[in-house]
Amino acid sequence: MIDTVRQTIVPQTPDVDVTAYADPMFTSVIGQFLLDNYKLWLLGIGLVVLLVAWLPLLLKKLPLSLPIIFVGMGMAIFAWTPLAQFSPHPVESPVLIEKASEFIVIVSLMGAGLKIGRPLSWRGWNLTIRLLAIVMPLTILFIALSGLWILGLPLASALLLGACLAPTDPVLASDVQIERPDSEDSDEARFALTSEAGLNDALAFPFVHLALAASAASLTGGVLAEWLWHDVAWRLGVGALVGAFGGWLLGQIIYRLPQDTRLSRTGDGFIALGATLAIYALTEFAHGYGFLAVFIAGLILRRSAEGDDFNSELHDFADETERLVMMVLLVLFGGMLTGGELLSDIGWTNILIAALVLLVIRPVIGYFALAGIDRHPLEKFVIAFFGIRGLGSVYYLAFGLNHGDFPMQHTLWETLGLIVLGSILLHGLTVTPIMRHLTKRIYGKDD
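Notes on the structure follow.

### Structural notes on the overall build of the chain
Of the regular secondary structure elements, the chain holds 18 helices and zero strands. Taking the contacts inside the chain whose residues are at least 6 apart along the sequence as the reference set, 82% of them involve residues at least 24 apart. Carbon and sulfur atoms form 67% of the exposed surface of the chain, whose accessible area is close to 19,400 Å².

### Some remarks on the packing of helix H15 (residues 348-369) against helix H16 (residues 377-385)
Contact geometry for H15 and H16: axes closest at 8 Å, N-to-C directions at 140°. Classified by the angle their axes make, H15 and H16 are oblique. For the pair H15 and H16, the crossing hand works out as right-handed. Listed contacts from H16 to Arg-362, Pro-363, Gly-366 and Tyr-367 of H15 are Pro-377, Lys-380, Phe-381, Ile-383, Ala-384 and Phe-385. Class assignment of the residues belonging to the contact of H15 with H16 gives a composition of seven nonpolar, one polar and two charged.

### Some thoughts on a nonpolar patch on the surface
The grouping of Leu-359, Val-360, Val-364, Tyr-367, Phe-368 and Phe-381 at the surface amounts to a nonpolar patch, some 550 Å² of accessible area in total. The dominant element in the nonpolar patch, judged by the number of residues it contributes, is H15, at five residues. Residue position: Tyr-367 is located in helix H15.

### Remarks on the side chain of Asn-200
Tracing the backbone shows Asn-200 in helix H9 (residues 188-203). Reaching out from Asn-200, the side chain makes a polar contact with the backbone nitrogen of Thr-168 at a distance of 3.5 Å. Excluding its chain neighbours within four sequence positions, the residues that come into contact with Asn-200 are Leu-132, Met-136, Ala-166, Pro-167 and Thr-168.

### Some details on the pattern of salt bridges
Summed over all chains, the structure comprises six salt bridges. The partner of Arg-362 in a salt bridge is Glu-196, with the nearest N and O atoms 2.6 Å apart. Taken together, the residues Arg-362 in helix H15 and Glu-196 in helix H9 connect sequence positions 166 residues apart. Considered together, Arg-362 and Glu-196 belong to a single accessibility category, that of buried residues. Here Glu-379 ties to Arg-375 by a salt bridge, and the two come within 2.7 Å at their closest N and O atoms.

### Let's talk about H15
Compared with the 32 Å implied by 1.5 Å per residue over 22 residues, the 30 Å span of H15 between its first and last C-alpha is a close match. Remark: the principal bend of H15, roughly 45°, maps to Val-357. In the core, the buried residues of H15 are packed alongside helix H7 (126-151), H9, H16 and helix H18 (409-441).

What counts as what
- Residues numbered from 1 in each chain as written.
- Predicted model: local features only at pLDDT ≥ 70, side-chain atom pairs only at ≥ 80, totals over all residues.
- Heavy atoms only, no water.
- Helix = DSSP H or I, 4+ residues; strand = E, 2+ residues; numbered from the N terminus.
- Contact = heavy atoms within 4.5 Å.
- Areas by Shrake-Rupley, 256 points an atom, 1.4 Å probe, with all protein chains shown as cover.
- Axes fitted to C-alpha atoms, helices over the stretch in contact; angles between N-to-C directions.
- Parallel < 35°, antiparallel > 145°, perpendicular 65-115°, else oblique.
- Left-handed = near helix turned anticlockwise from the far one by under 90°.
- Nonpolar A, V, L, I, M, F, W, Y, C, P; charged D, E, K, R; others polar.
- Patch = residues over 30% accessible without salt bridge, like charges linked within 9 Å, V, L, I, M, F, W, Y side chains within 5 Å.
- Salt bridge = Lys/Arg side-chain N within 4 Å of Asp/Glu carboxyl O.
- Polar contact = N/O pair within 3.5 Å; in protein donor to acceptor, adjacent residues only side chain to side chain.
- Buried < 20%, exposed > 50% of the residue type's maximum accessible area, 1.4 Å probe, protein only.
- Expected span 1.5 Å × (residues − 1).
- Bend = angle between axes of the 7 residues up to and from the residue.

Printed below as a string of structure tokens:
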């Protein structure tokens, strides 16, 4: 029984035929359009890449963020009638959405791990532990209940929505995270949000699998026992072990081999990308959580040679790759909103859910979960408020819908799209003034 359920809800990813989801006529039309406007596309891509590098300098003092700019660009580009027909829609391109968002999340998680130099300890990671052990499960619970009562979702779909929207996004949260490996990470708010984003993307995965189990069968004692063993204990354990060993082994190869053979001599930051992909794939082959493995590998790799300049090289390449891919995906997300008409059917129930998630559930639970910790109230507010939702949530929903049978898929995508857009706007407009105020008032530092 359990094996049958597992084969139903968790087919192996390599068996997915991407071409089965593509309309040959549609792809041929896109190909011809790209060829006919090849030089124009080169110009547009070149200008956008230059903006990726230049805009952070312009936006440093302004209440704006890169995600806002690129989502706005995507909305404008695909609102143009000749391009509207090429705008993506997640229901029509589920595998493409899943794989693209998966790639940027794993690159972002490796970068997050490389930023953190704080040794593992209960006291040093106390804030992170509370965010993971208290805030995330309660957030899943209350979002799922809201989906049941307000949107009228079935149990499995409501649970999937809660699991998708609980994690703090590692991709879009760069403005509230530790900036670089060589920067100070004593700012508790930045450390807490960086470490939370690095870990809760993996820790939400068991709840996605629980939603998959609920979509295929009733949650009987046998199904729950199998879920606890395979999707919680085994997958988390394998992810942690492969990540720790992979990070240690890479550290030896990069920093500990004889001087003339160690990888750090190359100065090639793209080693970070190779390490990310290799560790992620190996973990997934072993049926572990690759998200957890790449983050832990980044932590261990950073600790292998504390203070070595090559740490910054690795992080910088991961960061640059992340920003470029983020730009593309956010432009496409903007296209979903206009040309794809993702939000065309939203109603007051979707808006109410979005307001609850962004303004009530995460901030309130987050703030009270930090009670008893001797930190300034403003610092606790920042940690609770900036639970940014983004491309990680997109990945989880695409993964769930591609591997299970969930009713009301359009409602799920509309609600998630509205919440991600709301998070990009709300947190993007407030992050600069709030973080500047926190830095000056609490930490006594200037920007």
